[in-house]
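Residues per chain are reported as follows:
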Amino acid sequence: MSLFLSYFTLRRLTEELRKALKKQRILDAFLTGPHDLYLKTGGSDFLHLSASPGRGRIAFSREPQQDERNRPYWIEKYLLNTTIESVDQVPLERIVFLTLARRDRLGGETRCRLIVEAMGHHSNVVLVAEPEGRVLDALRRVGGRMSRKRQILPGKPYRPPPPLNRLHPAEVTTAALGEALDRQRDAPAEALLHTVAGLDLLVARELLYCAGIREGQAAPPGAVDRLQVALKALFEAPPFLEGAVELPASAGHRAEICVLALRHRAGEALRSFSCVSDAIQAVAQEEQQEQVLRTKLEQTLNRYRTSIDTKIAKIEADLKDMEQADRYEKYGSLLMSNLHQVAPGATSVTVNDFFNPEGPPVTIPLAPNRLPLENARDYLKRSRKAKKGAPILSQRLKTARRDRARLQACLDRLETLTQEEELIAFQKELEQTGLIRSGAFRQKGQKRTPGGKSIHPRRYRTSDGWTVLVGRNNSENDRLTKASAKDDIFFHAQGCPGSHVILQRGGKPDTPPRTTLEEAASLAAYWSKARGSKTVPVNYTEVRHVQKPRNAPPGLVTIRNEKTLFVAPGEIRRADESA
């Protein structure tokens, strides 16, 4: 996943940058790598403009550590010694631009715009001459037949990203909102997102929460009117925080930066930052470290899987060859009886088949560089080896296929991990199983689990106040289930890899209500390979009926007396994970 900067995050950031940069002079400018531009003004920090795919951003930063700094011609000519006249944001878009001006000795003035398109994988930083609107250069040049509609090349006219077909917040009517919500009653946040410009899912959920509209339910009387009022008030006077906070990973997204006071996420333990720039740089750096670790883990597992695939193919070829054991024995015996008929250097010989006198003659392939006796012995040897080795190879094939299934399960689990701590724990688990060497690619400054112990399971609280625990990796799944009370309830997505989920009874004599069971089952579906499905079958039973087979790999258990719920994957309210 990529670093997501919403319209409101960039709107708040633009206010910060405008106060700090207006009328500042660019004293230095350089590139570190192809996608990262640094500007030095009068302050102690640098302004970092990144066009990195998935992590495009603009924010204040410390001086970069890279020794290699590049200053191409266009930086020398158009950026150095210019004055930042203003910092602005394109209305309702995730685009921020700096207006730059420079006067020459004769009093002439040149102006340009440095445009940051912070749009995920399509991010870019473009320098545009004013007032001509001509592209001077870009950190990511875009051209060719696949990009005829919007080319970003020197000399070409700059065209902004095409606007989405959504309504301006000031033009949204209750009728348009009601129609959108009716079309997607099961996903009202997505309906709102695709109707109103400038929204993101986080803000859409906040608006629905304030209006009293819930997923899968018809809007109560007056709710759409309240939604319209809240929508317009939000854009006119956003409830900005003093700085910014980092929201934990939720609903399939990575950690997200928030600059608004949200009622529907109130009470959560959040990491705070004094300014938006600090939050952006911190989250981007964590995303980058996480992506590096994720990529290396994926490459390692794929390398092992390729090796096992090669091994399986070789064993299967050997087994297929061994099916010819009887034919090889026949060839060897016939050659032994007809050595005198084999001409020197012959590639084959045709002899009568004394095993089937009434059948046609048999043609036997020969190695021309071998003596007739050696050819006969070779066939007999291959026959004995095939008969003796078939059971051994069959067992090797079974083991190799089991190892490949384990590797595939590891790759499937890797896709469900969303935080760096989870990836580090997963790496440690692979080291313990011997798949990767201990410390093989630990990153400098990489987080370690305290005291070398595994991280705590995720903690959730159902709407009825029951506690639900979710394992983060296979080893923790085993420990979590083993440490649970016998009458706790175990959940697991049916037929696919996933986390062990425990609904704690806590000594309560009463049976959990249906809604509590469904919420716990939704978590089991969410933290499984089937997360992207609309409906997932989830098995559940008491922990007393969960057993781990002897010598089974971590995370593998068998269950009895199970029941099944069909639920939609989803998260519920987080509990205090420090408990």
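In case you missed it, the structure is sitting above this.
Small disclaimer: the values here were computed from a predicted structure and weren't measured.

## Quick look at the layout of surface pockets
Space inside the second largest pocket adds up to approximately 960 Å³. Around the second largest pocket, the lining comprises 28 residues; the ones closest to its centre are Tyr38, Ser61, Gln281, Gln285 and Gln288. Going through the elements one at a time, strand S2 (36-40), strand S3 (46-50), strand S4 (57-61) and helix H7 (276-322) are the ones with two or more residues in the lining of the second largest pocket. A per-element tally of the lining of the second largest pocket places H7 first, with eight residues. In terms of residue class, the lining of the second largest pocket is made up of seven nonpolar, 14 polar and seven charged.

## Describing helix H6 (residues 223-236)
Here H6 is 14 residues long and its end C-alpha atoms lie 20 Å apart, about the 20 Å a rise of 1.5 Å per residue gives. Among the residues making up H6, those that are buried are Ala223, Val224, Leu227, Gln228, Leu231, Leu234 and Phe235. Along the axis of H6, the buried positions cluster into a sector of 140 degrees, meaning they face one direction only. For H6, the exposed residues lying more than 90 degrees away from the buried face are Val229 and Glu236.

## Notes on unusual backbone geometry
Look at the link from glutamate 130 to proline 131: it is a cis peptide, with omega at 5 degrees. For proline 131, the position within the fold is in the loop between strand S8 (124-130) and strand S9 (134-138). Positioned with a positive phi, leucine 92 is a non-glycine residue whose angle comes to about 65 degrees. The exposure class assigned to leucine 92 is buried, which follows from its relative accessible area of 17%. Positive phi is not limited to glycine here, since asparagine 561 has a value of about 55 degrees. Along the polypeptide, asparagine 561 turns up in the loop between strand S21 (558-559) and strand S22 (563-567). With a relative accessible area of 52%, asparagine 561 lands in the exposed category.

## Observations regarding the packing of H7 against helix H10 (residues 420-432)
When two helices pack together, you describe them by how their axes are tilted relative to each other and by the distance separating the axes. Two numbers describe how H7 lies on H10: the axes approach to 10 Å, and their chain directions differ by 30 degrees. When the axis of H7 is compared with that of H10, the two are roughly parallel. In this structure, the crossing between H7 and H10 has a hand that is left-handed. Across the interface between the two elements, Gln289, Glu290, Leu293, Arg294, Leu297 and Leu301 from H7 touch Glu420, Leu423, Ile424, Phe426, Gln427 and Leu430 from H10. A per-class count over the contact of H7 with H10 returns seven nonpolar, two polar and three charged.

## Examining the sheet that holds strand S10 (residues 240-247)
In spatial order, the strands read S11-S10-S12; together these three strands make up an open sheet with antiparallel pairing. Both edges of this open sheet fall to strand S11 (256-260) and strand S12 (271-273), since each of them pairs with a single strand only. Looking at each pair of strands side by side, their axes are set apart by 30 degrees on average, direction ignored. Two elements, S10 and S12, share three bridges in a ladder whose sense is antiparallel. If you follow alanine 244 over to S12, its bridge partner there is phenylalanine 273.

## Quick look at empty space enclosed by the protein
Summed over all chains, the structure comprises four cavities of 30 Å³ or more. If you add up the space inside the largest cavity, you get close to 100 Å³. In this structure, the largest cavity is lined by 15 residues; those nearest its centre are Arg413, Thr416, Gly498, Ser499 and Trp527. The dominant element in the lining of the largest cavity, judged by the number of residues it contributes, is helix H9 (residues 372-416), at three residues.

Cut-offs applied
Residues numbered from 1 in each chain as written. Predicted model: local features only at pLDDT ≥ 70, side-chain atom pairs only at ≥ 80, totals over all residues. Heavy atoms only, no water. 1 Å grid on protein atoms, 1.4 Å probe; cavity = no way out; pocket = protein on both sides within 12 Å on 5 of 7 lines; lining within 4 Å. Points joined across faces, edges and corners; volume = space filled by probe spheres on them. Helix = DSSP H or I, 4+ residues; strand = E, 2+ residues; numbered from the N terminus. Nonpolar A, V, L, I, M, F, W, Y, C, P; charged D, E, K, R; others polar. Expected span 1.5 Å × (residues − 1). Buried < 20%, exposed > 50% of the residue type's maximum accessible area, 1.4 Å probe, protein only. Arc of directions from axis to C-beta. Axes fitted to C-alpha atoms, helices over the stretch in contact; angles between N-to-C directions. Parallel < 35°, antiparallel > 145°, perpendicular 65-115°, else oblique. Left-handed = near helix turned anticlockwise from the far one by under 90°. Contact = heavy atoms within 4.5 Å. Pairing = 2+ DSSP bridges.

That is the geometry; function is a separate question.
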